[in-house]
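Take a look at the letters that make up each chain.
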Amino acid sequence: MRILHIVKTAIGAGWVYQQVRVLCSLGFEIVVVLPSASTGLAPKYKEAGATVIPMALDFPSRQPWRIPAVLQSCRRLIASVRPDVIHTHHVGTTLTLRAAAGKSCSIPRVFQVPGPLHLEHRFFARLDISSARPQDHWIACCRWTQRKYLALGVGANRVFLSYPGTDVKIFATTSAQKLRRELGLGPDTPLVGMVCYMYAPKRFLGQSVGLKGHEDFIAALQIAQRSRPEIRGVIVGGAWNGAAKYEKHLRDLGRRACNGSLAFLGTRSDVPALYPDLDLAVVASHSENVGGAVEPLLSGVPVIATNVGGLPDLVQEGITGRLVPPHDPKALAAAILASLENRSAARRLTVEGQKLARRLFDVDSTAREVAAIYVKLAGGIQPSFTNHAASN
C-alpha cells in the first residue's frame, strides 16, 4: 500500500518521522513531501526507507498570488505518486490538498490533527469542516479534539483517535548531571524546567502572549522564589519560525523577574539527556495536544500541566501529575511549591504517569493504529492492530 504524507516542515514535526519510520518497517510504501529533501529530518526519512519529494505545500495565505501554482503542484504530485491514501499533518497542507483535489479525486484522505488550536476559533474550525469532502477523515491526537469534531457534526466513523507516538526507548531516568554541570548547580538545588519552542503571539487569533505560556512560567517562578529563594529555573527551546524578537522579550522578562536564577538554553538536540536533571517539569500551554508532558514523564520527571486540550489525557490530577488552570501563575507557583515540598507524593504520581505515557505514546503501537486506519480507508479488512477509535 502506498501512502503519501504531506508535511509542512522538514525541521519540526518529529512525531511524523517516528511514525513513518515504523510504517516503513511494517511494509508500507511511504512517500513524504517536505519543503526540503536535504535539511532537517529529510535524511532520516530517507534512512527509514521513505521516498522524499521536495515541495512546499503549506497554504500560502500571506502570498495569495502563489495559490494557483501551489495547487497545480499538488495536483501533479497526486497524479505522479498515485497513492492509496493521502495523510496530512498540518492545517495549511490539509487545506491545500483539499482545494487541489477538489470533488473529483476519490483517494481517501486523513488529516492527523497535531493540536486543537484551530478548532478553538470558530472561523478556522468551520473552514476545516466546510472544506472537507466525503473522502476526508480525521485522526484526533487527543480526546478533546475527537470530541470537538463530533460536536461539529462529523460522523464518528470519520474521526479516529491515535496519539502522536515517540520512541520511548530513548528516554533515560538516571541523571548524568549534564544539565546541572552546565548550569553550575549541585544535585540538591531545586531545578524546575520548561521545554518547548517559543511561539510568538498570533495577533490574528487574539493572542497577546505566547501560546506555550512562557510568561506564566516566568511569573510563577518569581512567586515561588519568594517562599523558596533557592529554586532555580531553566527554559529549553528557542524561537520558532523566526520569532527572535519574541525570544528576546522572554529573555528580558526572565532577567528582570528572576534576577539571574532563570537560565535560557535555546534550541537543543540533547533534550533526552537533560530531562533527568529536572526536579519538576512545567507545561504551561494555553492550547495544547499533549505536548511537552510526554517526554518528562518518560524520563521519570514529575509534571505540572495546564488543564487544556489533551494534557488531561496524560496528566491526571492526583493520579499521574498535577493540573492547574491556564493563565494562572499563582496556581502554578502553588503547585510547584507543593510538588517540591512533598517529593515522595510527586514520585508516586510520576511512576503512574510514566506507565501511562509508555502505553499511550509508544510509536511502535501508535503507528500500528495508523496502519489499521489506512487499511480501513482503502477498503481492506481491518487487521489485528489495536485502535483507540474502535475501542473508545
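In this convention, every chain numbers its residues from 1, walking through the sequence in written order. Since the coordinates come from a predicted model, pLDDT governs what is reported: local features require at least 70, and pairs of side-chain atoms require 80 or more to be given and counted, while whole-chain, interface and lining totals use all residues. Neither water nor hydrogens contribute to the side-chain values; these are computed over all heavy atoms in the structure.

**Considerations on the overall build of the chain**
Every helix listed is a DSSP run of H or I at least four residues long, and every strand listed is a run of E at least two residues long, numbered separately from the N terminus. The helix and strand tally for the chain stands at 16 helices and 13 strands. The C-alpha radius of gyration of the chain comes to 21 Å, within 12% of the 21 Å expected for a compact globule of 392 residues. By its C-alpha atoms, the chain is 65 × 45 × 40 Å across when sized along the principal axes. For each residue, the accessible area found with a 1.4 Å probe, counting protein chains only, is set against the maximum for its type, and the residue is called buried under 20%, exposed over 50%, and partly exposed in between. Within the chain, the fraction of its 392 residues that count as buried is 55%. Residue contacts follow a heavy-atom distance rule, with two residues in contact if any of their heavy atoms lie within 4.5 Å. A separation threshold of at least 6 residues defines the contact pool for the chain, and within that pool the share at least 24 residues apart is 67%. Note that accessible areas follow from Shrake-Rupley with a 1.4 Å probe, and for residues the cover is restricted to the protein chains shown. Accessible surface, the chain as shown: approximately 16,800 Å² in total, 52% of it carbon and sulfur. Asp and Glu count as negative and Lys and Arg as positive, but His and the ends of the chain are not part of the count. Taken as the charge location is NZ of Lys, CZ of Arg, CG of Asp or CD of Glu. Of the charged side chains in the chain, 46 are positive and 28 negative, and the gap between their average positions amounts to 6 Å. We take the radius of gyration over the C-alpha atoms and set the globule estimate at 2.2 Å times the residue count to the 0.38 power.

**Brief notes about the side chain of Ser162**
With respect to the element layout, Ser162 can be found in the loop between strand S7 (159-161) and helix H7 (178-183). Here the side chain of Ser162 touches Glu369 through a polar contact of 2.6 Å, side chain to side chain. Whenever a nitrogen or oxygen atom comes within 3.5 Å of another N or O atom, the pair is scored as a polar contact, on the condition that within protein one atom can donate a hydrogen and the other can accept it, and that pairs from neighbouring residues in sequence are kept only if both atoms are in side chains.

**So, the packing of aromatic side chains**
Aromatic contacts are taken between Phe, Tyr and Trp rings whose centres are within 6.5 Å, Trp giving its six-membered ring; a plane angle under 30 degrees counts as stacked, one over 60 as edge-to-face, and the others as tilted. One pass over the structure, following the stated rule, counts seven aromatic pairs. When the centroid spacing of 5.2 Å and the interplanar angle of 35° are considered together, the rings of Trp138 and Tyr149 count as tilted. On the criterion of sequence distance, the pair formed by Trp138 in strand S6 (residues 136-140) and Tyr149 in helix H6 (residues 143-151) is long-range, its members being 11 residues apart. Each member of the pair, Trp138 together with Tyr149, is buried. Centre to centre, the rings of Tyr163 and Phe361 are 5.1 Å apart; their planes meet at 55°, and the pair counts as tilted. Taken together, the positions of Tyr163 in the loop between S7 and H7 and Phe361 in helix H14 (residues 343-361) put the pair 198 residues apart, joining distant regions of the chain. When sorted by exposure, Tyr163 lands in the same class as Phe361, which is buried.

**Let's talk about the pattern of salt bridges**
Two side chains of opposite charge can pair, provided their charged atoms sit close to one another. Basic side-chain nitrogens of Lys or Arg form a salt bridge, by our definition, when they fall within 4 Å of a carboxyl oxygen of Asp or Glu. As enumerated under the stated definition, the model contains 18 salt bridges in all. Its salt-bridge partner being Arg180, residue Asp279 comes within 2.8 Å of it at the nearest N-O pair. One end of the pair, Asp279, is in the loop between helix H10 (271-274) and strand S11 (280-283); the other, Arg180, is in helix H7, with 99 residues separating them in the sequence. Its salt-bridge partner being Arg268, residue Asp270 comes within 3.0 Å of it at the nearest N-O pair. Owing to a relative accessible area of 15%, Asp270 belongs among the buried residues under this scheme. Through salt bridges with shared partners, a single ionic network connects Arg98, Arg109, Asp128 and Asp136.

**A closer look at H6**
The periodicity of an α-helix, 3.6 residues per turn, causes residues three or four places apart in sequence to face the same way. Every buried residue of H6 is accounted for by Thr145, Gln146 and Tyr149. Each buried residue of H6 sits inside an arc of 100° when the element is viewed along its axis, so together they form one side. For H6, the elements touching its buried residues are strand S5 (109-113), helix H5 (122-131), S6 and S7. At the exit of H6 stands Gly153, carrying a positive phi of roughly 100°. The directions from the helix axis to the C-beta atoms form the arc being described.

**Some words on the sheet that holds S5**
Any two strands are treated as partners once DSSP identifies two or more bridges connecting them. Reading across the sheet, the seven strands line up as S3-S2-S1-S4-S5-S6-S7 and stay open at both edges, with parallel pairing between neighbours. At either end of the open sheet lies a strand with only one pairing partner, and these are strand S3 (51-54) and S7. Put simply, the sheet's adjacent strands are angled 25° from each other on average, direction ignored. Taken together, the four bridges between strand S1 (residues 2-6) and strand S4 (residues 85-88) define a ladder with parallel strand orientation. To get an axis, fit a line to the C-alpha atoms, keeping to the stretch in contact for a helix; angles then go from 0 to 180 degrees between the N-to-C directions.

**Some words on the nonpolar core**
Trp138, Tyr149, Leu278, Val303 and Leu314 are the most contacted members of the largest nonpolar core, which has 46 residues in total. Ignoring sequence-local partners within four residues, the contact set of Leu314 consists of Val290, Ala293, Val294, Leu297, Thr320, Gly353, Leu356, Ala357 and Phe361. Put simply, buried Ala, Val, Leu, Ile, Met, Phe, Trp, Tyr and Cys residues joined by side-chain atoms within 4.5 Å make one nonpolar core. One finds Ala13, Tyr17, Val22 and Ala42 within the second-largest nonpolar core, a separate group that totals 31 residues.

**Here's the deal with the pairing of S1**
The buried fraction of S1 is high, at four of five residues. Taken together, the five bridges between S1 and strand S2 (residues 29-34) define a ladder with parallel strand orientation. Residue pairing across strands places Leu4 opposite Val31, the latter belonging to S2. Taken together, S1, helix H1 (residues 14-25) and S2 constitute a β-α-β crossover, and its handedness is right-handed. Viewed with both strands pointing away, a crossover whose connecting path from the first strand over the helix to the second turns clockwise is right-handed.

**Remarks on the sheet that holds strand S13 (residues 322-324)**
One open sheet accounts for six strands, arranged S10-S9-S8-S11-S12-S13; its pairing is parallel. Looking along the sheet, the strands with just one partner apiece sit at the ends: strand S10 (262-266) and S13. Each adjacent strand pair in this sheet contributes to an overall mean axis angle of 20°, direction not counted. Bridge count between strand S8 (residues 191-195) and S11: two bridges; the pairing is parallel. In the strand pairing of S11, Val192 is matched with Leu280.

In short, geometric facts, not functional conclusions.
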